[in-house]
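Below, each chain spelled out in residue letters.
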Amino acid sequence: MGAHAAFGGGVAVITGAGNGIGAGLARHAAALGMTVVLVDIDAGAIVALREELPGAVDVVCDVRDPDALEDVAAQVYSDIGPVRLLVNNAGVEQFGYLWDTPVANWDRLVDINVSGVFYGIRAFLPRMIATDSPAWVWNLSSIGGVAAVPLQTPYIMSKHAVLALTECLRLEVELAGHADRIHVQAVLPGAVKSNIFEAAGGVDDGDVGAAESQRAAMLDIKAEAMDPLEAAQVVFEQAAAGEFYLLTQPEYVGNAMSERAAILADRRAPVLRTKQRFDPARH
Ligand SMILES: NC(=O)c1ccc[n+]([C@@H]2O[C@H](COP(=O)([O-])OP(=O)(O)OC[C@H]3O[C@@H](n4cnc5c(N)ncnc54)[C@H](O)[C@@H]3O)[C@@H](O)[C@H]2O)c1
């Protein structure tokens with residue numbers, strides 16, 4: 001099945017749609033003919049995007065609030081229609097040594113990156129199951145979901161968690177007898193241009209320099225990263241083809257997956273690298 005056949009209509013709900021990958025997915029979904037519900041805490045960003053995308057709807061919602069997501073789901077089903085695609089995309093970064101990380105930054109990251117995905121599933125999946133139509137759920141993990149990276153520990157941990165959540169959820173959907181209609185897929189972006197590193201938390205005390213030099217290293221990667229619209233196109237194609245792991249840069253992310261598998265199979269301890277740079281020539 002091509003992306004037009006699978007996603008040529010219906011409703012797409014995308015969290016964190018105001019910037020970066022979410023905005024790219026929203027633009028591509030709209031171009032395919034979907035009615036896009038733009039969910040974000042950044043009201044200005046989703047209003048601007050709604051004006052650009054015909055038929056789109058903007059909803060200010062914090063994914064940390066399960067009741068707010070439940071209200072969004074109820075409203076979408078009553079006012080717009082059944083959801084064909086839910087993308088649990090909202091996510092934040094954090095730089096610095098784990099022991100310097102402010103507790104509030106840890107809590108914020110876990111609440112958005114992990115609990116936010118759970119709350120999205122809890123609000124939308126029962127409604128998807130209750131309708132007869134096919135539906136897709138994409139959760140945003142990362143190349144970081146198959147890697148160990150110092151100075152970004154809360155983020156990396158959260159992306160491993162989202163990957164595990166998504167794998168288990170897929171099995172649960174199959175166990176409950178819905179796998180023919182409900183497609184659960186994990187998105188693993190490699191390096192895509194976005195606002196995530198600027199918006200990332202840092203540390204107040206301790207080794208501020210280490211946190212900020214990691215931020216600078218990641219901002220360097222951004223210059224060579226993929227355009228979000230191009231990334232969206234790749235993800236939609238892979239999803240329509242029935243892949244489980246949706247990789248923005250199949251070779252780059254695929255190499256990281258193979259490396260992770262080999263490390264675990266060989267029971268090798270994590271190795272510190274001087275620079276974990278993104279090499280565009282490899283993707
Ligand atoms: N950009 C990359 O290279 C990359 C790589 C791997 C994974 N990812 C993942 O992709 C997803 C999107 O990241 P991005 O890079 O586009 O970041 P981004 O910062 O450009 O966009 C994230 C969006 O989420 C929104 N958001 C933040 N907190 C929210 C909340 N509590 N409720 C609702 N919305 C909230 C922000 O306002 C923003 O619009 C994240 O889950 C990220 O971990 C990105």
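Here the structure is shown first, and the text comes after it.
Given the structure is predicted, the values throughout are model-derived calculations rather than measurements. Residue indices begin from 1 for each chain and proceed along its sequence in written order. Whole-chain, interface and lining totals are the exception, using all residues; otherwise, since this is a predicted model, local features are given only for residues with pLDDT of at least 70 and side-chain atom pairs are given and counted only at 80 or more. Processing note: side-chain calculations cover all non-hydrogen atoms of the structure and skip hydrogens and water entirely.

Draft legend 1. Molecular detail of the packing of aromatic side chains. When the centres of two rings from Phe, Tyr and Trp lie within 6.5 Å, Trp using its six-membered ring, the rings pair. Their planes under 30 degrees apart give stacked, over 60 give edge-to-face, and anything left gives tilted. All told, the structure shown has 8 aromatic pairs when counted by the stated rule. Ring centres of Phe95 and Phe197 lie 6.1 Å apart, and the angle between their planes is 40 degrees; this geometry places the pair in the tilted category. Of this pair, Phe95 sits in the loop between strand S4 (83-88) and helix H5 (103-130) while Phe197 sits in helix H7 (residues 196-199); the two residues are 102 residues apart in sequence, bridging distant segments of the chain. Through successive ring pairs, a cluster of aromatic residues spans Phe7, Trp136, Trp138 and Phe236. For the purposes of this entry, the term helix denotes a DSSP run of H or I that reaches at least four residues, the term strand denotes a run of E that reaches at least two, and both are numbered from the N terminus.

Draft legend 2. Expanded view of the pattern of salt bridges. One speaks of a salt bridge when a side-chain nitrogen belonging to Lys or Arg is within 4 Å of a carboxyl oxygen belonging to Asp or Glu. A full pass over the atoms with the stated rule returns 8 salt bridges. Between Arg50 and Asp58 there is a salt bridge, with the nearest N and O atoms lying 2.6 Å from each other. Take Arg50: its relative accessible area is 30%, and that puts it in the partly exposed class. Only protein chains enter the calculation, and the probe is 1.4 Å; a residue is then buried if its accessible area is under 20% of its type maximum, exposed if over 50%, and partly exposed in between. Owing to a relative accessible area of 23%, Asp58 belongs among the partly exposed residues under this scheme. Arg268 serves as the salt-bridge partner of Asp266, at 3.2 Å between the closest nitrogen and oxygen.

Draft legend 3. Looking closely at the site of the ligand. We define proximity as follows: a residue is near a molecule or strand when any one of its heavy atoms falls within 4 Å of that partner. As a structural note, the neighbourhood of the ligand is formed by 28 residues, with Ile21, Asp40, Tyr155, Val192 and Ser194 the closest of them. Between N or O atoms, a polar contact is any pair within 3.5 Å; within protein, one atom must be a potential hydrogen donor and the other a potential acceptor, and residues adjacent in sequence are included only when both atoms are from side chains. Contact between the ligand and Val63: a nitrogen atom at 3.0 Å from a main-chain N or O atom of the residue. Take Ser194: an N or O atom from its side chain is 2.6 Å from an oxygen atom of the ligand. Only Asp, Glu, Lys and Arg are considered charged, only Ala, Val, Leu, Ile, Met, Phe, Trp, Tyr, Cys and Pro nonpolar, and every remaining residue, Gly among them, polar. Grouping the amino acids of the shell around the ligand by side-chain chemistry returns 12 nonpolar, 11 polar and 5 charged.

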